[in-house]
Amino acid sequence: MSDGARPAEATVVPPGAIIGPGQTFGSVTDKISSAVLDRVPRGWWIGFGIGLSLLMVFFTALGMLFTYGTGVWGIMIPVGWGLDIINFVWWIGIGHAGTLISAILLLFRQRWRTSINRFAEAMTLFAVACAGLYPILHLGRPWLAYWLVPYPNTMGMWPNFRSPLVWDVFAVSTYATVSLLFWYVGLIPDLATLRDRSKNILGKKIYGIFAMGWRGSASHWHRYETATLLLAGLSTPLVVSVHTIVSFDFAVSVIPGWHATIFPPYFVAGAIFSGFAMVATIAIPLRAAYGLENFITLKHLDNMARVMLATGLIVAYGYMMEAFFAFYSANLFERSMMHLRFTGPYAWSYWLLILCNVLIPQLLWFKRVRTNTIGLFLVSIVINIGMWLERFVIVVTSLATDFLPSSWGIYTPTIWDWSTYIGSFGLFLTLLFLFIRFLPMISIFEMRTLVPEAEVEGGEEHS
Amino acid sequence: MRELDLEPIRERLAGRTGPDYWRSLEELAGSEELEAFLHAEFPSAVEEGIDRRVFLKLMGASLALAGLGACTRQPSERIVPAVHWPEETPGKALYFATAMPLHGYATGLLVESHEGRPTKVEGNPDHPASLGATDAFAQASVLTMYDPDRAQVIRRVNEIVGWDRFVESFGRVLDGAQANGGAGVRVLSGTVTSPTLAAQLAALRERFPSARWHQWEPVNRDTAHAGAVLAYGEPVDLVHHLDRADVILSLDADFLGSGADRLRHTRELVSRRRPKGHTIDPSRLYVAESGWTITGSVADDRLPLQAGRTFALARAIASRVGVSVGANDDAASLSPAASAWIDAVAADLAAHRGSSVVIAGDGQPAAVHALACAMNEVLGNVGKTVDTIEPVAADPSSQLESIQSLVADMRAGSVEVLVVLETNPVYDAPADLDFAGALGGVRHRVAVSLYDDETARLCHWHVPSAHFLESWSDARSGDGTVTIVQPLIAPLYGGRTRHEILSVMLGKAQQTSYQAVREHWQGRLGSVDFEKRWEKALHDGVVPDTRAAARPVSLQANLASILPAPPASAEGLEVVFRPHPTVDDGQFANNGWLQECPEPLTKLTWDNAVLLAPETASALGVENGDVVTLELAGRSVRGAVWLVPGHAASSATAHLGYGRTRAGRVGDGRGFDAYQLRTTEGLGFAPGLVLKATGDHQLLSCTQHHGTLHGRHIVRSATVEEFRRDPEFAQHVEHEPALDDTLYPNYPYDGQAWGMAIDTGACVGCNACIVACQAENNIPVVGADQVARGREMQWIRIDRYWTGEPEEPEVHYQPMLCQHCERAPCEVVCPVNATVHDSEGLNLMVYNRCVGTRYCSNNCPYKVRRFNFYLYADWNTESLKLQRNPDVTVRSRGVMEKCTYCIQRINEARNQARKENRPVRDGEIRTACQQVCPAEAIVFGDINDPESQVAKAKADPRNYSVLAELNTRPRTTYLASVRNPNPELAPKTKGGGKKGHGGHA
């Protein structure tokens, strides 16, 4: 950002600190709210423009899809799911970091989470929005998607409660609802701040409506704290349950490479792995662009890198176990599937996955890498790619070569597969940039609890 | 205000009732009166304003006319259904016996008709060439009939004219030709077995003594007849009885896949291969062939051999079984493997005198046929496994000579009038004759054909011909039995039969084909009780006592001296021409069902390819899909290569029937035209092929990319010895969980429980079931591009697996369709309950509930579900709508579908049984695939009834379930195959059931 948002007094943040020195209530509020209330920097327009362009790509791809049918994609028999479901799992996995940060870390009183909490939650929400579209888009007859929801109807039909796809409907919709509520509730005090600081009449009105009359009274704060805690409690199981259920889409089936009991923990770890990678991918450039080094410190990046390393190791263990189970089960189909993953037509994707998700993340053992913004950024990008490849390997290679060799077939994504994927970044980025523009990307009131003034008054309760 | 004048129309309609009335309206539609009426009345009415009276009159007239476009028409003559219901009920199908002529020879059919629309073809059990079964061609014939690309108008150069005008103009030309006895009048037809047509052609001679009738059929029986002449001195036809043979030797003969008796041969061959419980009395089939045919694919011992060396092989075997061929030992000129084969086969034949049979292929020269005749004679097979009969074709003389002389005359300018009857010589005549070039010299050229094809384009007149389902005619089967061909529907596109054209030529333009056929048979059946006999013939689909008479013959004593020498064994590549297994000689090129039906061995659809052995291809440096130039004696054509294990080395198979330019929208531009290389010198095969890579690549649409078993026990087979040692060899190969290994109670199937058993030992891979299923279940055609993407829609496929050595692999077919698992993996995962189980064990697909998640297909271990990725069904073409089975839903975009066990047939039988207050009888329900199967490989019925055929089949020791270890409990089970290879020829270990098969790439 060249146009004056960068503070002149930027100082070196001591290692290990989660907020830069010399910050006061006022400076925190000024700094964060300025991104919303001041003139829009040119960089925002560029980013928003990119997002919007990609969104147009998305709409074009959907136009093709709705006009001609799922045949525009490369899916076929035997590979009935392709990029549609890969992207679904990938996006929903990314969302998990936000929930983990806002709920579990809150419950564990990890105060460093404060500065990344807000936009991680926003990221969750937007990732779930992207993810949630795919199960609808992937249907042969998407206009009947509501049949998956149990509602009283003249057909006298329930959905099939044995199907993991129905569980998905509950899991994802619950997740989206709770995430939205949590995010919104967390925003209320800051919306009040924006209402109070906005010089624009319309802004005042709109922020005012959404601030729901927040005045910062003690009773408000009391109820706010209770609600947050309750929502955090509600969200916590979701971190585990959503991806567990998504993994059931595969684990419940009979297909070698899908039918695996290790899937739930391995999927959850993978989700957190990719989620933190995405948070880092977004936080690092954002921090540089808006000059937020004082709020998102190297300590934050270091912590996130540690989480990535830990979950990455769990994921690597999952890969190992998959191979081991195939060997140890002595099941012909499992062994053959694993053998074909290693050497078959899609072997490139498997080895690339191992490179991205197992080998390269080992760099995070080194503090030099963890605290090097460019290095961490690159590693996090690699992990994002690796996690996408993981879903590709699971979805495609398992289906392509299952039981009867006579029906084996190769899935090749078409341009419309790719544009539906790339286009979903458009949706994500557009929402993200709108969020940055209109809402405080870092929680103002929570950041205020971190400054020395708050320490004097003795903690979070009376900010 | 002028009075509306309906009088002339009323007059024409007077005295007609019922269907006749409608027919008259049809005729009226083209009449001058009507035209005058329309022209005179409608515009003027608009100009002058319509008063109420006139308006009502007009309304009345247009209502009367509305009937014209709205419905299909039964033929006006009386046709006789084969099955009488107590009364004709709308919605209830009727069946009519008729016959499909292919290369002249008839297959008897029963055709299902819904309110006057033929929708489905079945075999006629009373017909000797059908025995109740049909082939893929017959199944697809309904689609050809409704093909919107068929010619629909009579064309004179580029002008559309009426039949009357044609009759008049053509009549004038013929009258002019009468002066010199019709010396310039020529008729060119395919092989004619129709007694009526033969009689008409004979009558033509009377009118035009100097006129000539030529025959050309690209896939003809010239060499067989010439071989019979060599061996016996006259062109007798041979009838082989494979059920009586213990040892069968095929010299490049595809007697299961082509020829008039293919269906009977299949039935007879398979009858000997089927073990009865624990015992088996198998025959042994030896096949020497260059490229794969389905006959070779089910051989017990197959020798891949260049077609050009078959003569040497035949002579070597002949000399060993005692035919005096007066030659040195040919075995020396063949490979050691071939020599061993010769010795083993000869010994086996010699050990089975009177119970063996040798059959030569139509692509082989006359000498090979003569050797086969001689071997049968010496082995004492004649009269036992081989009968000699009077030739069935009206004129068995050489068609090659016939067309050669025609072309010579055309070039000499002595042909004034050429009538081409339902044959396409511009496309399929030998390339060196340059038929198209010679055609320019003919003054009046008339083509009669279903399509405005390559030949029709170069003719002055084109008359669309009537499809056999629209025609009155007659035709003979391989054994001579006559069937009266009766129409199911009046010609959809105004087509005319060959008989009508001949009637015109005979100056009897008013004679319909019905009259022509009836008159002929009146003469033959006699006038006493004619009506009754006629109706019985129509009802039965066969005319009694019309089998060709036996023709006792004796072997020429001097055979050894008149036998031509084998061709000098040429080194290098040879090219072998065969009719394509699905589009035949090209006549079915515009049939989407046949185009999309996979070639049995390569599983290629929509295109033919240059088939090569992998070692030949690697020597030439080409791979699958590489486009090569085939050069033969100065002619060349480009085609894509496909590698086939087990193909003879240094031999290339080029299937005929592709590379059409005027087949229609479906067939144009697919594949390459092998006729361009096929000359009078080598109709069957030719040496000296030069094959050059072009560097181009073509995407071929293949439905099965992996043909090896990867160590899986999907198909199971044993040799006869292994079977005798352990008849239950196919069982307990995999662990099948016990029925009560479950937390939930098993569903009790108390009533009927439908199940199927498929005998893989019987399946010969003929593809009839695939097309039958497509016709019965309204399965759409998706096109080459979609097949290449893996989106073919056929509900039943035939998996083809290679086992054994890559040079001489064994082939195993496995028809694969929905297994109707009792614990179906597809059902649990469907989120909307669109696929569910019924109380009789059927796995149902509820199309209108399906939202298209494709999860069911993903979770199907057999991958038998098919998804409408696009709107594949044709919802717009009117004529194709008529073809559809009204009992089966036409599926829309985004919906999953799959085999239903022909639930519409189950429902129909159940309803019938309920009405009659009885249980459904065993055998009353036959699925489409079961009914069509010439090998009777598929059995369907109630598995709860221990007396049912299917329950007995499932009690067979060979019975096993595919992927039983997954605990899917499929209702479709398979019977393992038992093969009978000669132990002398099997030093290599054949994969036994228990051990499974080794996989080879």
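Just so it is clear, the structure is predicted and the values come from calculations on it, not from any experiment.

To continue, consider the overall build of chain B. From N to C terminus, chain B includes 32 helices and 39 strands. Counting over 1001 residues, chain B shows a buried share of 59%.

What follows is about the overall build of chain A. Scanning chain A from N- to C-terminus turns up 16 helices and zero strands. Taking 23 Å as the expected radius of gyration for a compact globule of 463 residues, we find that chain A reaches 23 Å, a close match to that expectation. Structurally, chain A occupies a C-alpha span of about 70 × 60 × 40 Å along its principal axes. Within the span of chain A, comprising 463 residues, buried residues form 50% of the whole. Considering only intrachain contacts with a sequence separation of at least 6, the fraction spanning at least 24 residues in chain A is 81%.

Let's shift gears to the pairing of strand β17 (residues 461-464) of chain B. All names here are of chain B. Of the two faces of β17, the one carrying Trp461 and Val463 and the one carrying His462 and Pro464 are both buried. As paired elements, strand β5 (residues 154-156) and β17 share two bridges and run antiparallel to each other. Within the sheet, the bridge partner assigned to Arg155 lies in β17 and is His462.

Moving on: the sheet that holds strand β11 (residues 284-289) of chain B. All names here are of chain B. In space, the four strands of this open sheet follow the order β12-β11-β10-β13, with parallel pairing throughout. Of all strands in the sheet, those with a lone pairing partner are β12 (301-304) and β13 (356-360), marking the two edges. With direction set aside, neighbouring strand axes in the sheet form an average angle of 10°. With four bridges joining them, β11 and β12 adopt parallel strand pairing. Bridged to Glu289 within β12 is Pro304.

Once that is clear, we can look at the sheet that holds strand β20 (residues 573-579) of chain B. Residues and elements named next belong to chain B. What the six strands build is a closed barrel, ordered β20-β25-β22-β24-β23-β26; its pairing is mixed. When the angles between neighbouring strand axes are averaged without regard to direction, this sheet yields 45°. In this sheet, strand β26 (residues 685-697) lies alongside strand β23 (residues 626-632) in antiparallel orientation, the contact comprising five bridges. By the bridge assignment, Thr629 is partnered in β26 with Lys692.

Attention now goes to the interface of chain A and chain B. On the chain B side, the residues contacting the 39 residues of chain A number 44 residues. Elements that contribute at least two residues to the side of chain A that touches chain B include exactly α5 (164-197) and α10 (332-343) of chain A. The element best represented in the side of chain A that touches chain B is α5(A), accounting for three residues.

Before going further, it helps to examine the domain arrangement of chain B. By a frequent convention, interface size equals the accessible area lost on bringing the separate parts together. Residues and elements named next belong to chain B. Per the domain assignment, the segments of chain B are domain 1 (7-70), domain 2 (222-389), domain 3 (573-702) and domain 4 (717-985). On a C-alpha basis, the centres of domain 2 and domain 4 stand 35 Å from each other. Each partner contributes residues to the interface: domain 2 has 24 residues there, and domain 4 has 23 residues. Counting residues per element, the ones that place at least two in the side of domain 2 that touches domain 4 are α9 (262-273), α10 (294-297), β12 and α12 (336-350). The dominant element in the side of domain 2 that touches domain 4, judged by the number of residues it contributes, is α9, at five residues. Residue composition of the side of domain 2 that touches domain 4, by class: twelve nonpolar, four polar and eight charged.

In a packed pair of helices, the relevant descriptors are the angle between the two axes and the axis-to-axis distance. Residue and element names in this part refer to chain A. In contact at an axis separation of 7 Å, helix α9 (residues 298-329) and α10 are set at 140° when each is read in the N-to-C sense. The angle between the axes of α9 and α10 places the two elements in the oblique class. The way α9 lies across α10 gives a crossing that is left-handed. Packed against α9, whose contacting residues are Ala323, Phe325, Ala326, Phe327 and Ser329, the element α10 presents Glu334, Arg335, Met337 and Met338 at the interface. Considering only residue class, the contact of α9 with α10 consists of six nonpolar, one polar and two charged.

It helps to recall that an α-helix has 3.6 residues per turn; residues three or four apart then point in one direction. The buried count for helix α18 (residues 498-505) of chain B comes to eight of eight residues, which makes it a mostly enclosed element. Buried residues of α18(B): Arg498(B), His499(B), Glu500(B), Ile501(B), Leu502(B), Ser503(B), Val504(B) and Met505(B), and no others.

All names here are of chain B. The share of residues in chain B with pLDDT of 70 or more is 90%, and the mean pLDDT across the chain is 87. Confidence over residues 988-1001 falls short of pLDDT 50; this stretch has 34 contacts with residues more than four positions distant or in other chains. Confidence estimates for the predicted assembly give a pTM of 0.87 and an ipTM of 0.90.

Take the environment of Cys929(B) next. Residue and element names in this part refer to chain B. Secondary-structure assignment places Cys929 in helix α31 (residues 928-932). The class of Cys929 is buried, set by 26 C-beta atoms lying within 10 Å. As for Cys929 and Cys773, which are separated by 156 residues in sequence, their C-alpha atoms are 6.0 Å apart. Residue contacts for Cys929: discarding those within four places in its chain leaves Cys769, Ala772, Cys773, Ile796 and Ile938.

It is worth spelling out the nonpolar core at this point. Side chains that are nonpolar tend, in soluble globular proteins, to be buried together. Counting residues in hydrophobic clusters, the biggest one holds 438 residues, and the most contacted among them are Val279(A) and Val575(B). Those residues in contact with Val575(B) that sit more than four places away from it in its chain are Leu630(B), Leu632(B), Ala652(B), Ala654(B), Leu677(B), Phe685(B), Ala686(B) and Leu689(B).

With that out of the way, let us pick up the packing of helix α7 (residues 218-251) of chain A against helix α8 (residues 263-289) of chain A. All names here are of chain A. Their axes nearest at 8 Å, the elements α7 and α8 cross at an angle of 125°. It follows that α7 is oblique to α8 by the angle criterion. Crossing geometry of α7 relative to α8 is assigned as right-handed. Here Val240, His243, Thr244, Val246, Ser247, Phe250 and Ala251 of α7 lie close against α8, whose contacting residues are Phe263, Pro264, Phe267, Val268 and Ala271.

In this chain, Ile77(A) is followed by Pro78(A) through a cis amide linkage whose omega measures 15°. Of note, Pro78(A) is situated in the loop between α2 (42-68) and α3 (83-107). Even without being glycine, Asp434(B) reaches a positive phi, approximately 50°. Inspection of the secondary structure assignment puts Asp434(B) in the loop between α15 (425-428) and α16 (435-439).

A few words on the pairing of β23(B). All names here are of chain B. Only one face of β23 is buried: it carries Asp626, Val628, Leu630 and Leu632, and the other face, with Val627, Thr629 and Glu631, is open. With six bridges joining them, β23 and strand β24 (residues 635-643) adopt antiparallel strand pairing. By the bridge assignment for β24, Leu632 is matched with Arg635. Hairpin connection of β23 to β24: two residues between the antiparallel strands, including Ala633 at a positive phi of 45°.

Turning next to the environment of Pro189(A). Residues and elements named next belong to chain A. Relative to the assigned elements, Pro189 resides in helix α5. According to the C-beta neighbour criterion, Pro189 is buried, with 21 such atoms within 10 Å. Separated by 99 residues in the primary sequence, Pro189 and Trp90 place their C-alpha atoms 32 Å from one another. Filtering out sequence-adjacent residues up to four positions away, Pro189 remains in contact with Trp214, Gly216, Tyr224 and Phe445.

Once that is clear, we can look at the environment of Gly162(B). Among the structural elements, Gly162(B) can be located in the loop between β6 (159-161) and α6 (163-177). On the basis of neighbour counts, which here come to 12 C-beta atoms within 10 Å, the residue Gly162(B) falls in the exposed class.

Turning our attention to the confidence of the model for chain A. All names here are of chain A. The predicted model of chain A averages 86 in pLDDT, with 92% of residues at 70 or higher. Below a pLDDT of 50 lies the segment residues 1-10, which in the model reaches 18 contacts outside its immediate sequence neighbourhood of four places, other chains included. This model gives residues 457-463 a pLDDT under 50, and the stretch forms six contacts once residues within four places in sequence are excluded.

Calculation rules
- Here the residue index of a chain counts from 1 through its sequence in written order.
- Working convention: letters from A go to chains and numbers from 1 go to ligands, in the order in which they are written.
- Where totals are concerned, whole chains, interfaces and linings use all residues; where local detail is concerned, this predicted model gives features only for residues with pLDDT of at least 70, and gives and counts side-chain atom pairs only at 80 or more.
- Secondary structure elements follow DSSP: runs of H or I no shorter than four residues count as helices, runs of E no shorter than two count as strands, and numbering proceeds from the N terminus.
- To sort residues by burial, count the other C-beta atoms lying within 10 Å of each one's C-beta; a count of 20 or more means buried, 12 or fewer means exposed, and anything in between means partly exposed. C-beta atoms are built from the backbone.
- Only C-alpha atoms enter the radius of gyration; for comparison, a globular chain is expected to reach 2.2 Å times N to the power 0.38, where N is the number of residues.
- We call two residues in contact when the distance between their C-beta atoms, placed using the backbone, is within 7 Å.
- Pairing between strands is defined by DSSP: at least two bridges between them are needed.
- Axis definition: a line fitted to C-alpha atoms, limited for helices to the stretch in contact. Angles are taken between N-to-C directions and run from 0 to 180 degrees.
- Residue ranges for the domains trace back to a domain assignment, done automatically or taken from a database.
- Under the grouping applied here, Gly and all other residues not named as nonpolar or charged are polar, the nonpolar ones being Ala, Val, Leu, Ile, Met, Phe, Trp, Tyr, Cys and Pro and the charged ones Asp, Glu, Lys and Arg.
- Each angle is binned into one of four classes, with values under 35 degrees roughly parallel, values over 145 roughly antiparallel, values of 65 to 115 roughly perpendicular, and all other values oblique.
- For a crossing to be left-handed, the near helix must be turned anticlockwise from the far one by less than a right angle; the clockwise case is right-handed.
- pLDDT measures how confident the predictor is about each residue, on a scale from 0 to 100.
- We define a nonpolar core as a collection of buried residues of the types Ala, Val, Leu, Ile, Met, Phe, Trp, Tyr and Cys that are connected via C-beta atoms lying within 7 Å of each other.

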